[in-house]
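Examining the three-dimensional arrangement
Spelled out, the chains give:
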Amino acid sequence: MRVDVNDGVYLKDPFSSALGRQIIEKSISMISEKGLECFTFKKLAVAVGSTEPAIYRYFENKHKLLLFLNLWYWRYLELNLVMGTANIADPVRQLEIAIEVLVCGPIGRQNEFIDPVALHALLVEESIKAMLTKAIESDLENGFFSSYFRIGHRIAEIIKAINPEYRFPKTLVSTVLEASLLQPYYAAHLPMMTEMPASEASRVTFFRELVLKVIQ
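Residues numbered from 1 in each chain as written. Predicted model: local features only at pLDDT ≥ 70, side-chain atom pairs only at ≥ 80, totals over all residues. Heavy atoms only, no water.

**A look at a nonpolar patch on the surface**
Judged by side-chain polarity, L190, M192 and M193 come together as a nonpolar surface patch covering roughly 330 Å² of accessible area. Relative to the helices and strands, M192 is located in the loop between α10 (169–189) and α11 (200–215). Its relative accessible area of 65% is what places M192 among the exposed residues. (Patch = residues over 30% accessible without salt bridge, like charges linked within 9 Å, V, L, I, M, F, W, Y side chains within 5 Å. Areas by Shrake-Rupley, 256 points an atom, 1.4 Å probe, with all protein chains shown as cover. Salt bridge = Lys/Arg side-chain N within 4 Å of Asp/Glu carboxyl O. Helix = DSSP H or I, 4+ residues; strand = E, 2+ residues; numbered from the N terminus. Buried < 20%, exposed > 50% of the residue type's maximum accessible area, 1.4 Å probe, protein only.)

Next up, the structure:
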């Protein structure tokens, strides 16, 4: 499945060449291993057997690279949500599937362009760094967060179908979107912040109970 990302995030489409695909693949593993702070294009160039200027022909900086990965993930997740709920009329079941997709990651675990499982693991550790920057207003003006907004809008519409009187569907959805990645981070690194174990089943149960009880 080809997932399109706003072309303002990159200078050259990384999926247009073998080097570009290597940049994406290696950056996911390197950022996961070292963290964004220790990750550099110089180190990435060594890992892909190229030069640092060649990396800069694809991305302006590592923030834009992380943003690209973030936006690709949320767009891919949205497509998974659309396919997973396509033949289901019951909005409650649609919402349960949406929560499962958010918590467990994409239904489609294989993709020709990016490993969704590896990317999900990376974003548990690093996703918030793509948004909480001084460049947020500029990124927003350039439409970089459209894929993030679209999946939030879809889930908010499901909530409205269950309870049209509920006043805060977008607020609830955005809270769950972020917490679906923060909770496994807390379980792994800051266990004093949560009673929840690292298992996906526990998180699915928690978010299902939270959301359904709030809106009903």
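**Quick notes on the packing of aromatic side chains**
One pass over the full model with this rule turns up 13 aromatic pairs. Centre to centre, the rings of Y10 and F68 are 5.9 Å apart; their planes meet at 80 degrees, and the pair counts as edge-to-face. Taken together, the positions of Y10 in the segment before α1 (18–34) and F68 in helix α4 (residues 62–84) put the pair 58 residues apart, joining distant regions of the chain. The two residues Y10 and F68 agree in class, both being buried. Plain terms: the ring middles of F39 and F41 are 6.2 Å apart, the flat faces sit at 85 degrees to each other, and that makes the pair edge-to-face. We note that F39, like F41, is buried. Among the aromatic side chains, those forming a connected cluster through ring pairs are Y10, F15, F59, F68 and F113. (Phe/Tyr/Trp six-rings, centres within 6.5 Å; stacked < 30°, edge-to-face > 60°.)

**Quick word on the packing of α1 against helix α6 (residues 116–126)**
A pair of packed helices is characterised by two quantities: the angle between their axes and the separation of those axes. At a minimum axis distance of 9 Å, the contact between α1 and α6 shows a crossing angle of 40 degrees. With respect to their mutual orientation, α1 and α6 come out oblique. Viewed along their axes, α1 and α6 form a crossing whose handedness is left-handed. Seen from α1, the contacting residues are I28, I31 and S32; seen from α6, they are A118, L119, L122 and E126. (Axes fitted to C-alpha atoms, helices over the stretch in contact; angles between N-to-C directions. Parallel < 35°, antiparallel > 145°, perpendicular 65-115°, else oblique. Left-handed = near helix turned anticlockwise from the far one by under 90°. Contact = heavy atoms within 4.5 Å.)

**Description of α11**
When the terminal C-alpha atoms of α11 are compared, their 23 Å separation across 16 residues agrees well with the 22 Å that a helix rising 1.5 Å per residue should span. Residues of α11 that are buried: R203, V204, F207, V211, L212 and I215. Taken around the axis of α11, the buried residues stretch over an arc of 140 degrees, which confines them to a single face. Of the exposed residues in α11, the ones pointing more than 90 degrees away from its buried face are A201 and K213. (Expected span 1.5 Å × (residues − 1). Arc of directions from axis to C-beta.)

**Digging into the pattern of salt bridges**
In a structure, side chains of opposite charge can pair up when their charged atoms sit close to one another. Counted by the stated rule, this structure contains eleven salt bridges. Of the charged contacts in the structure, one is a salt bridge between K64 and E60, with a shortest N-O distance of 3.1 Å. For K64, a relative accessible area of 12% gives the class buried. What emerges from the salt-bridge pattern is a single network uniting R75, E78, R150 and R154.

**Comments concerning the packing of α4 against helix α9 (residues 146–162)**
α9 packs onto α4 with a crossing angle of 30 degrees between their chain directions and a minimal axis gap of 8 Å. Between α4 and α9, the angle falls in the class roughly parallel. Here α4 and α9 pass one another in a crossing that is left-handed. Residues L71, W74, R75, L77, E78, L81 and V82 of α4 lie in contact with α9, whose contacting residues are S147, Y148, R150, I151, R154 and I155.

**A few points about the environment of Q110**
As for its position among the elements, Q110 is in the loop between α5 (91–104) and α6. Exposure remark for Q110: the relative accessible area of 74% places this residue in the exposed category. Excluding its chain neighbours within four sequence positions, the residues that come into contact with Q110 are Y76 and P116.

**Concerning the side chain of S127**
One can find S127 in the loop between α6 and α7 (128–131). With near-sequence residues (within four places) excluded, S127 lies in contact with N70, L122 and L181.

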